[in-house]
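Coordinates in review
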Amino acid sequence: MNKEEDIIRNLAGTTNNFKVPENYFSDFTKRMMEQIPAERKSFAMWKPIAACAACLVAIILSTAIFFVNDSDNETNGIAAAQTDKDAYNDTYVDDFIDYAMMDNADIVACLSEE
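This section reports on the structure supplied with the text. (Residues numbered from 1 in each chain as written. Predicted model: local features only at pLDDT ≥ 70, side-chain atom pairs only at ≥ 80, totals over all residues. Heavy atoms only, no water.)

1. A few points about a nonpolar patch on the surface
Condition: Here a patch means residues that are over 30% exposed by relative accessible area and free of salt bridges, tied together within 9 Å if like-charged and within 5 Å if nonpolar (Val, Leu, Ile, Met, Phe, Trp, Tyr). Surface accessibility in these figures is a Shrake-Rupley result with a 1.4 Å probe; residues are shielded only by whichever protein chains are displayed. A pairing counts as a salt bridge when a side-chain nitrogen of Lys or Arg comes within 4 Å of a carboxyl oxygen of Asp or Glu. Strands are runs of DSSP state E lasting at least 2 residues, helices are runs of H or I lasting at least 4, and numbering of each runs from the N terminus.
On the surface, Val20, Tyr24, Phe25, Phe28, Met32, Met33 and Ile36 cluster together into a nonpolar patch covering about 640 Å² of accessible area. Counting through the fold element by element, Met33 comes out in helix 2 (residues 28–35).

Written out as structure tokens, the structure is:
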């Protein structure tokens, strides 16, 4: 590693070619503040208002999504109850047909009479 450093020192030298101008940091803050546009400072007033508006929008959207999902669940519950009721009725009809010893021809004849 020392060989490589020695080679670099021989090629580049040991002098520091980078220098800071005189009094550069004494008025650095003042010069930097002069370069910032005045419009940018007025945005600081709107930051809290924008944050409150974003929170309000998030609350409204989450509430709307909750109620939409809740109504879907209610619809699914009604459909499930109807399916259970139909399954019970089908079981009852199947038991009746077995008890009456009806075959397919008898069922068709009963249904065509109505």
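Here the narrative resumes, following the displayed structure.
2. Quick look at the packing of aromatic side chains
Rules: Pairing of aromatic rings covers Phe, Tyr and Trp, the last through its six-membered ring, and needs centres within 6.5 Å; plane angles under 30 degrees mean stacked, over 60 mean edge-to-face, and all others mean tilted. For every residue, the accessible area obtained with a 1.4 Å probe (protein chains only) is divided by the maximum for its type, and the residue is called buried under 20%, exposed over 50%, and partly exposed between those limits. Geometrically, a charge over a ring is one whose NZ (Lys) or CZ (Arg) sits within 6 Å of the ring centre while staying within 35 degrees of the ring normal.
Per the stated rule, a full pass over the model turns up four aromatic pairs. Seen from their ring centres, Tyr24 and Phe28 are 5.7 Å apart, and the 45 degrees between their planes marks the pair as tilted. Using a relative accessible area of 32% as the deciding quantity, one classes Tyr24 as partly exposed. Taking relative accessible area as the criterion, Phe28 reaches 30% and is therefore assigned partly exposed. Ring centres of Phe66 and Phe67 lie 5.4 Å apart, and the angle between their planes is 70 degrees; on these two criteria the pair is classed as edge-to-face. The ring of Tyr24 carries Arg31 above its face, with NZ or CZ at 4.9 Å from the centroid.

3. With respect to the pattern of salt bridges
Enumeration over the complete set of coordinates arrives at two salt bridges. Here Arg31 and Asp27 are joined by a salt bridge, their closest N and O atoms 3.4 Å apart.

4. Thoughts on unusual backbone geometry
Even without being a glycine, Asn23 presents a positive backbone phi close to 55 degrees. Of note, Asn23 is situated in the loop between helix 1 (2–12) and helix 2. On the basis of relative accessibility, which here comes to 60%, the residue Asn23 falls in the exposed class.

5. Comments concerning a negative patch on the surface
Here is the rule we go by: When charges are tallied, Lys and Arg are placed among the positive residues and Asp and Glu among the negative ones, while His and the ends of the chain are skipped. Charged side chains are reduced to one point each, which is NZ for Lys, CZ for Arg, CG for Asp and CD for Glu.
The grouping of Asp90, Asp94, Asp95 and Asp98 at the surface amounts to a negative patch. Looking at the element boundaries, Asp94 is found in helix 3 (residues 39–100).

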